Amino acid sequence: MQKIESIKEFAGFLNRYVHDSSTCHCEMTFSVYLPPQAEAGKVPTLYWLSGLTCSDDNARVKAGAQRYAAEQGIALVFPDTSPRGDEVADDVDRYDLGQGAGFYVNATQPPWATHYQMYEYVTRELPALLEANLPLLPGIKSISGHSMGGHGALICALKNPTSYKSVSAFSPICNPTRCGWGIGCFQAYLGDDSSTWQGYDATALVDAGASVTDILIDQGAADEFYDERQLLPENLRAACERQGQALTLRMQAGYDHSYHFIATFIGEHIAYHARALKD
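Residues numbered from 1 in each chain as written. Predicted model: local features only at pLDDT ≥ 70, side-chain atom pairs only at ≥ 80, totals over all residues. Heavy atoms only, no water.

Participant: Please clarify how the overall build of the protein should be interpreted in this entry.
Facilitator: Scanning the protein from N- to C-terminus turns up nine helices and nine strands. The C-alpha radius of gyration of the protein comes to 17 Å, within 12% of the 19 Å expected for a compact globule of 279 residues. Judged by the C-alpha coordinates and their principal axes, the protein covers about 50 × 40 × 35 Å. In the protein, buried positions account for 59% of the 279 residues. Carbon and sulfur atoms make up 47% of the accessible area of the protein, which totals about 10,800 Å². With 20 positive and 33 negative side-chain charges, the protein shows a separation of 7 Å between the mean positions of the two kinds. (Helix = DSSP H or I, 4+ residues; strand = E, 2+ residues; numbered from the N terminus. Rg over C-alpha atoms; globule rule 2.2 N^0.38 Å. Buried < 20%, exposed > 50% of the residue type's maximum accessible area, 1.4 Å probe, protein only. Areas by Shrake-Rupley, 256 points an atom, 1.4 Å probe, with all protein chains shown as cover. Lys, Arg positive; Asp, Glu negative; His and termini not counted. Charge placed at Lys NZ, Arg CZ, Asp CG, Glu CD.)

In structure tokens form, the structure reads like this:
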């Protein structure tokens, strides 16, 4: 880990790092907000996974999360959304495939498989690295995210129910095997056999019996991608009802897909995670 930036905010520090990832086989960038409480001892952690076209920079600048994290004494981790670099495969003609669009899967197909191992990176390599080098309580973590990152948060929690104390999402891609974004990326990253896609689909995972204590989702009712049926929260809600999985799905009238929406409700999400992290 090499620290490349440090900014004081709300009596804590927003730091940016780079490191050589053994999982993604390239240099990866991430940001961490350490609240003031971290100066006195180890603190719990909330991971935030960002959406298509984003990097670690979007949420740390736009979400307004650090003020609430400082109040609650929680560290925030902002990973990148994909591997990057000249040697990393990309599709320059598409915003929804390649760099900036890792979809939090472990790719199995060329040319993506060499670097696009974002599920392993987010759930295994990055937490181990951070807990070994920063004042973070080992294993005391929760996860949240937006859009593609909301999808990532849901699948990470559902596939690892004992690893995260809580999970929430803003406008998540809830059923990627049934929407254009997901189908396009899964076919490229995972191949033509759609049965292999189910392990990265929150709706399919719930239907297959995966469960967590609770799920909190906020969805803007004026979200253009909701109207285009890229997000499909109703499909996840139906699966949760079938399987008895606790879900709070809040349709927020008038809100869109942007960080204006996220900034409005991020304090409530951090308070939700704080209760679980400190229980």
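Participant: Would you mind showing me how to read the sheet that holds strand E1 (residues 2–9) here?
Facilitator: Spatially, six strands are ordered E1-E2-E3-E5-E4-E6 in an open sheet, and the strand pairing comes out mixed. Of all strands in the sheet, those bounded by a partner on one side alone are E1 and strand E6 (136–145). Each neighbouring strand pair of the sheet contributes to a mean axis angle of 25°, computed without reference to strand direction. Relative to strand E5 (residues 75–79), strand E4 (residues 43–49) is paired through three bridges, and the arrangement is parallel. Across the sheet, residue Tyr47 finds its bridge partner in E5, namely Val77. (Pairing = 2+ DSSP bridges. Axes fitted to C-alpha atoms, helices over the stretch in contact; angles between N-to-C directions.)

Participant: Teacher, can you tell me more about the sheet that holds strand E8 (residues 215–220) here?
Facilitator: Across a sheet, strands are paired by hydrogen bonds formed along the backbone, either parallel or antiparallel in direction. With parallel pairing, the three strands of this open sheet are ordered in space as E7-E8-E9. What marks the edges here is a single partner per strand, and that holds for strand E7 (168–170) and strand E9 (247–252). Taken pair by pair, the neighbouring strands of this sheet meet at an average axis angle of 10°, ignoring direction. Sheet analysis places E7 next to E8, joined by three bridges and oriented parallel. Paired with Ala169 across the two strands is Ile217, which belongs to E8. Relative to E9, helix H8 (residues 233–243) is tilted by about 155°, and along the sheet it contacts E8 and E9. (Contact = heavy atoms within 4.5 Å.)

Participant: What should I look at first to understand the packing of aromatic side chains in this one?
Facilitator: One pair of aromatic rings is described through two measures. These are the centre distance and the angle between the planes. One pass over the full model with this rule turns up 13 aromatic pairs. Here the aromatic rings of Tyr255 and Phe265 are separated by 5.2 Å at their centres, their planes lie at 70°, and the arrangement is edge-to-face. Separated by ten residues along the polypeptide, Tyr255 in the loop between E9 and helix H9 (259–277) and Phe265 in helix H9 bring together distant segments of the chain. Its relative accessible area of 8% is what places Phe265 among the buried residues. A network of ring pairs unites the aromatic residues Trp48, Phe170, Tyr255, Phe261 and Phe265 as a single cluster. A cation sits over an aromatic face here: Arg67 above Tyr68, 4.5 Å from the ring centre. Lying over the aromatic face of Tyr164, Lys141 brings its terminal NZ or CZ to 5.2 Å of the ring centre. (Phe/Tyr/Trp six-rings, centres within 6.5 Å; stacked < 30°, edge-to-face > 60°. Lys NZ or Arg CZ within 6 Å of the ring centre and 35° of its normal.)

Participant: Explain the pattern of salt bridges to me, please; I cannot follow it from the model alone.
Facilitator: A complete count under the given rule lists nine salt bridges for this structure. Between Arg60 and Glu5 there is a salt bridge, with the nearest N and O atoms lying 2.7 Å from each other. On the criterion of sequence distance, the pair formed by Arg60 in helix H1 (residues 57–62) and Glu5 in strand E1 is long-range, its members being 55 residues apart. Residue Glu5 is classed as partly exposed on the basis of its relative accessible area, which comes to 28%. (Salt bridge = Lys/Arg side-chain N within 4 Å of Asp/Glu carboxyl O.)

Participant: Sorry if this is basic, but what is going on with the environment of Ala238 here?
Facilitator: Tracing the sequence through the fold places Ala238 in helix H8. Of the residues examined, Ala238 reaches a relative accessible area of 26% and is grouped as partly exposed.

Participant: Please explain a negative patch on the surface as it appears in this structure.
Facilitator: A contiguous patch of negative charge, built from Glu224, Asp227, Glu228 and Asp256, is present on the exposed surface. Mapped onto the elements of the fold, Glu228 is located in the loop between helix H7 (224–227) and H8. (Patch = residues over 30% accessible without salt bridge, like charges linked within 9 Å, V, L, I, M, F, W, Y side chains within 5 Å.)

Participant: Help me out: how do you make sense of helix H2 (residues 65–72) in this one?
Facilitator: Structurally, the α-helix is built with 3.6 residues per turn, so residues lying three or four positions apart point the same way. Within H2, burial applies to Ala65, Gln66, Ala69 and Ala70. All buried residues of H2 lie within an arc of 135° about the axis, which places them on one face of the element. Next to the buried residues of H2 lie E1, strand E2 (12–21), strand E3 (26–34), H1, E5 and H9. Within two residues after H2, Gly73 carries a phi angle of roughly 70°, on the positive side. (Arc of directions from axis to C-beta.)

That is the geometry; function is a separate question.
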